[in-house]
2 protein chains.
Amino acid sequence: MPEFLTLLPPAEALKKLLDHLQAGPVPEQVETERALGRVLVSPVTAPHPLPEFPRTTVDGYAVRAADTFGASESLPVYLALIGEVAMGSAAEVALSAGECMLIHTGGMLPKGCDAVVMLEYTQQARPEEIEILRAVAVGENVIKVGEDVEDRQEVIPAGTRLRPAEIGGLMALGFTSVSVARKPEVGILSSGDEVIPPGEKPAPGQVRDINAYTLSTAVEDAGAEPVFYGIIPDTYQEMYAAAERARAKCDLVVVTAGSSASTRDLTSQILDQLGEPGVLVHGVNTRPGKPTILAVCDGVPMVGLPGNPVSALVNTRLFVVPVIKTLLGELTTRPRPMVFAKLSVNLPSQAGREDWVPVALNFVGDGYVAEPIFGKSNLIFTLSRADGLLKIPADATGLSAGELVEVFLM
Amino acid sequence: MPEFLTLLPPAEALKKLLDHLQAGPVPEQVETERALGRVLVSPVTAPHPLPEFPRTTVDGYAVRAADTFGASESLPVYLALIGEVAMGSAAEVALSAGECMLIHTGGMLPKGCDAVVMLEYTQQARPEEIEILRAVAVGENVIKVGEDVEDRQEVIPAGTRLRPAEIGGLMALGFTSVSVARKPEVGILSSGDEVIPPGEKPAPGQVRDINAYTLSTAVEDAGAEPVFYGIIPDTYQEMYAAAERARAKCDLVVVTAGSSASTRDLTSQILDQLGEPGVLVHGVNTRPGKPTILAVCDGVPMVGLPGNPVSALVNTRLFVVPVIKTLLGELTTRPRPMVFAKLSVNLPSQAGREDWVPVALNFVGDGYVAEPIFGKSNLIFTLSRADGLLKIPADATGLSAGELVEVFLM
């Protein structure tokens, strides 16, 4: 098995692939209200401060703070009530010394006023006079112009995946459309003479295609557009032709090879001949996923995944998703969803190899317990019973029962 | 402020609302390949075992294990090679004692065979004879019928949100369509006389609508369908009419009240008069979000959220998302994405009140550091700078710098 002579650690293998990528995000303009989960291509800069006018954070009376100094319940200050600030408009008059105006949370401060006294600390003395029972400092209960965002401030960096908070922020600044990375097209090829479409009834020896669908949905979830090229017969001509069509059209191509050594060799041969520089990595020091192939063919990244459904899905996370993130120009600084859990059993592992073990998580007492789900990597339901993947680092020879471990949620 | 006389803890407030819900998930049939993120309404039971036939996990020779007993490199066993199992079909002949067949990973075991010897432990002696250099046990390198899933086994419980692994599992069993919960329709009403659509230019005193969009996207993310009823003027008649239209059509209605006490009172009054039993909770012991209103009107849950964008979004997570999960019939046993982080500063808090503090997470050394983002809850960019929300439990009077805290990712 010459292909496995040099098994690279997964991080190093991925770096080798990413180092060969030249393509970056391609911008497209979309409506902000449809942009959830999309990745920003250029930083957003505030076209004006936020808020644009000083606002009150409470219901109360707009005042000049200096007028309230010394006010207390036993010695109130009396201010002349000159009106009310209507919501959504500027006060018609400015405030002079000794005056106040009724104002509601979110309302715009009248000119001449520099603080707001909460309703609770006031009393209506007479129709046009208010008793102030507590002093306020300048700026108290007020949001200043630019306190949320200053004029010209960069508010969202390029590469941010937009969450509800960013959608709201864009709207607050009047950006009803936004420039995001076009979704990369990811070509998916299934192979294996034993593989049939899920809608058909398998004859003896046949199995339904799983990988095309787990990969498509995982790719979709990562923010790309899956394009399925069908189940390709295990011949050089047909595989080459399908891979070439996918390479010509897509931003990334994923081939799930048949499981046997001969079909894996076929994939490797094709990815090596389809364009320059060809195969970069053949064999990764990880379990599952040792036979993974990483290639770049005339600028297009290509990934050959093992046919076993568990290997295919785990290695999609390790190699396909990071390539998609790179094509999207996505910042990788946001934390990945994970939990700490206590391992329920001893887990042996081979030193030098990075292992990924599907685990179920159960909340027991005050924390999670991670229960490994044992099963050959051919068994798809191993993964559907799992909540996450536990990583056994390459430098460990195993993990002990009771040890606190990191589990990446699936 | 009579509404705040009894502030319920958030968990208790939510329970009160959920206890009044009668509606459960409404099934609809969708194509499995479009079902990512949807919630299963009934359990999936395997219509047949998986695999349906015994398969080899390696490339090698199908044998009778008994024939190999005692085989070693120095004393090989010789077996007659009677053919090759083609991928995707059953072997044409059965295996007799002293015979073997070439077989490829994933291939179907011929009749009469009960183990597979890996290619590495064999040698071709003559064209029709194989040297076996190592003994195998019965079942070695074989996946048995039903080893992944047994016939009639329940494989995915009702209430599961479908991930790529479940999509693959459904396909493996031939389920190309699946019964999932219809997406609940969530009516969203914005109010506030100062609020204008994001596409317009604010006059002095006006602000663009944020909450409609943060809520819509958060609701969409939770698996529901947002329906926007517009920005409603702050009058009883118009608010009542809009809330009534939404209640008649939607499965859940969310009103973001104006920020002032009077408009909050208006929301509460309307939610109380729109149907039975009306307002259940007015005021929750949490910050931000104290003025949150929870109601059920003739069977439809209604949530009144504070107008401040941070309060609105945090309380959407606390109250709106759990109602959506209930309407979807979603199991709540999957772990929520969170990380442990070291708190960077002391955080005071009021005992008895549950606080949610937006934090940025930075990976420093071997773990995350949580840096609170201070800012009034009127400031939307407070949240867009945050990676997650830190919970200060009601029984704490604060958290100390250096303490390990749980941060729920946003």
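An account of the accompanying structure is given in this report. (Residues numbered from 1 in each chain as written. Chains lettered and ligands numbered in written order. Predicted model: local features only at pLDDT ≥ 70, side-chain atom pairs only at ≥ 80, totals over all residues. Heavy atoms only, no water.)

## Quick look at the side chain of B:Ser191
All names here are of chain B.
Thought 1: Relative to the helices and strands, Ser191 is located in strand 13 (residues 185–191).
Thought 2: The buried category is assigned to Ser191, whose relative accessible area is 6%.
Thought 3: Apart from residues lying up to four places away in sequence, Ser191 is in contact with Ile232, Asp234, Met239, Thr256, Ala257 and Gly258. (Helix = DSSP H or I, 4+ residues; strand = E, 2+ residues; numbered from the N terminus. Buried < 20%, exposed > 50% of the residue type's maximum accessible area, 1.4 Å probe, protein only. Contact = heavy atoms within 4.5 Å.)

## As for helix 4 (residues 211–221) of chain B
Residue and element names in this part refer to chain B.
Thought 1: Across the 11 residues that make up helix 4, a large majority, 9, are buried.
Thought 2: For helix 4, the set of buried residues is Asn211, Ala212, Tyr213, Thr214, Leu215, Ser216, Thr217, Ala218 and Val219.
Thought 3: Two residues or fewer past helix 4, Gly223 is found with a positive phi of approximately 105 degrees.

## Notes on the sheet that holds strand 4 (residues 60–63) of chain B
All names here are of chain B.
Thought 1: With mixed pairing, 6 strands are arranged side by side in an open sheet as 7-4-6-5-9-8. The open sheet has two edge strands, strand 7 (115–118) and strand 8 (122–126), and neither has a second partner. Pairwise comparison of adjacent strand axes, ignoring direction, gives a mean angle of 40 degrees for this sheet.
Thought 2: Sheet topology note: the strand 8/strand 9 (residues 129–132) ladder contains 4 bridges and is antiparallel. (Pairing = 2+ DSSP bridges. Axes fitted to C-alpha atoms, helices over the stretch in contact; angles between N-to-C directions.)

## Focus on the pattern of salt bridges
All names here are of chain B.
Thought 1: Counting across every chain of the model gives 19 salt bridges over all chains.
Thought 2: Its salt-bridge partner being Glu28, residue Arg38 comes within 2.6 Å of it at the nearest N-O pair. Taken together, the residues Arg38 in the loop between strand 1 (27–31) and strand 2 (44–45) and Glu28 in strand 1 connect sequence positions 10 residues apart.
Thought 3: Owing to a relative accessible area of 13%, Arg38 belongs among the buried residues under this scheme.
Thought 4: Given the relative accessible area of 30%, Glu28 is considered partly exposed. (Salt bridge = Lys/Arg side-chain N within 4 Å of Asp/Glu carboxyl O.)

## Examining the relation of the copies chain B and chain A
Thought 1: With an RMSD of 0.0 Å, the operation that places chain B on chain A is a rotation of 180 degrees combined with a shift of 0.0 Å along the axis. Taken together, the rotation and translation describe the operation of a two-fold axis. By C-alpha distance to the rotation axis, the residue of chain B lying nearest is B:Pro337, at 2.4 Å.
Thought 2: A share of 100% of the interface residues of chain B reappears at the interface of chain A, consistent with the copies meeting face to face through the same patch. (Least-squares fit on C-alpha atoms with pLDDT ≥ 70 in both.)

## Looking at the packing of helix 4 (residues 211–221) of chain A against helix 3 (residues 164–172) of chain B
Thought 1: Helix 3 of chain B packs onto helix 4 of chain A with a crossing angle of 155 degrees between their chain directions and a minimal axis gap of 8 Å. By the angle between their directions, the pair helix 4 of chain A and helix 3 of chain B is classed as roughly antiparallel. Helix-helix and strand crossings are classified by hand; for helix 4 of chain A and helix 3 of chain B the assignment is right-handed. Residues A:Tyr213, A:Thr214, A:Thr217 and A:Ala218 of helix 4 of chain A touch helix 3 of chain B, and the partners they reach there are B:Pro164, B:Ile167, B:Gly168 and B:Met171. (Parallel < 35°, antiparallel > 145°, perpendicular 65-115°, else oblique. Left-handed = near helix turned anticlockwise from the far one by under 90°.)

## As for the packing of helix 5 (residues 236–249) of chain B against helix 6 (residues 261–273) of chain B
All names here are of chain B.
Thought 1: Between helix 5 and helix 6, whose axes approach to 10 Å, the crossing angle comes to 45 degrees. What the angle tells us is that helix 5 and helix 6 run oblique. For helix 5 against helix 6, the interelement crossing comes out right-handed. Between helix 5 and helix 6, the residues in contact are Tyr236, Met239, Tyr240 and Ala243 and Leu266, Thr267, Gln269, Ile270 and Gln273, respectively.
Thought 2: A class-by-class count of the residues in the contact of helix 5 with helix 6 yields 6 nonpolar, 3 polar and no charged. (Nonpolar A, V, L, I, M, F, W, Y, C, P; charged D, E, K, R; others polar.)

## Regarding the packing of aromatic side chains
Thought 1: Counted by the stated rule, this structure contains 9 aromatic pairs over all chains.
Thought 2: Aromatic side chains A:Tyr236 and A:Tyr240 sit 5.6 Å apart centroid to centroid with 25 degrees between the ring planes, which places their arrangement in the stacked category. Placement of both A:Tyr236 and A:Tyr240 in helix 5 (residues 236–249) is noted, with a separation of 4 residues, approximately one turn of the helix.
Thought 3: With a centroid separation of 6.1 Å and 55 degrees between ring planes, the pair formed by B:Tyr213 and B:Phe228 is classed as tilted. Note that B:Tyr213 is positioned in helix 4 and B:Phe228 in strand 16 (residues 225–232), a separation of 15 residues in sequence.
Thought 4: Accessibility expressed as a relative area gives 11% for B:Tyr213, which makes it buried.
Thought 5: Residue B:Phe228 is classed as partly exposed on the basis of its relative accessible area of 37%.
Thought 6: If you follow A:Arg134 out to its NZ or CZ, it ends over the ring of A:Tyr121, 3.7 Å from the centre. (Phe/Tyr/Trp six-rings, centres within 6.5 Å; stacked < 30°, edge-to-face > 60°. Lys NZ or Arg CZ within 6 Å of the ring centre and 35° of its normal.)

## Section: the pairing of strand 5 (residues 77–84) of chain B
All names here are of chain B.
Thought 1: Pairing of strand 5 with strand 9, which is carried by 4 bridges, proceeds in the antiparallel orientation. Bridged to Ala80 within strand 9 is Glu129.
Thought 2: Judged from the 3 bridges that link them, strand 5 and strand 6 (residues 99–103) form a sheet pairing that is parallel. What sits directly across from Leu81, in strand 6, is Cys100.

## Focus: the interface of chain B and chain A
Thought 1: Listed by partner, the interface residues are 83 residues for chain B and 83 residues for chain A.
Thought 2: Of the roughly 7,000 Å² buried between chain B and chain A, counting both surfaces, carbon and sulfur atoms make up 62%.
Thought 3: Contact with chain A buries area across many residues of chain B, yet B:Asp148, B:Pro335 and B:Phe381 alone supply 9% of it, more than any other trio.
Thought 4: Where chain B touches chain A, the interface holds 0 salt bridges.
Thought 5: Where the side of chain B that touches chain A is concerned, the elements lending two or more residues are strand 10 (142–143), strand 11 (154–156), helix 3, strand 15 (207–208), helix 4, strand 22 (338–343) and helix 8 (380–384) of chain B.
Thought 6: The element best represented in the side of chain B that touches chain A is helix 3 of chain B, accounting for 8 residues.
Thought 7: By residue class, the composition of the side of chain B that touches chain A is 41 nonpolar, 21 polar and 21 charged. (Buried area = accessible area lost by both parts, 1.4 Å probe.)

## Points about the environment of A:Pro309
Thought 1: Within the secondary structure layout, A:Pro309 lies in helix 7 (residues 309–328).
Thought 2: When the C-alpha atoms of A:Pro309 and A:Ile231 are compared, they prove to be 15 Å apart, with 78 residues separating the residues in sequence.

## Things to note about helix 5 of chain A
Residue and element names in this part refer to chain A.
Thought 1: End to end, helix 5 covers 20 Å across 14 residues, agreeing with the expected 20 Å (1.5 Å per residue, within 8%).
Thought 2: If you check which residues of helix 5 are buried, you get Met239, Tyr240, Ala242, Ala243, Ala246 and Arg247.
Thought 3: The inward-facing, buried residues of helix 5 abut strand 13 (185–191), strand 16 (225–232), strand 17 (252–256), helix 6 (261–273), strand 20 (293–297) and strand 21 (300–305). (Expected span 1.5 Å × (residues − 1).)

## A word on the environment of A:Val138
Residues and elements named next belong to chain A.
Thought 1: With respect to the helices and strands, Val138 occurs in the loop between strand 9 (129–132) and strand 10 (142–143).
Thought 2: Judged by relative accessible area, which is 61%, Val138 ranks as exposed.
Thought 3: Residues Val138 and Ala65, spaced 73 residues apart in sequence, show a C-alpha to C-alpha distance of 5.3 Å.
Thought 4: Not counting residues within four places of it along the chain, the set of residues in contact with Val138 comprises Ala65 and Asp114.

Function cannot be read off these values alone, since they describe shape.
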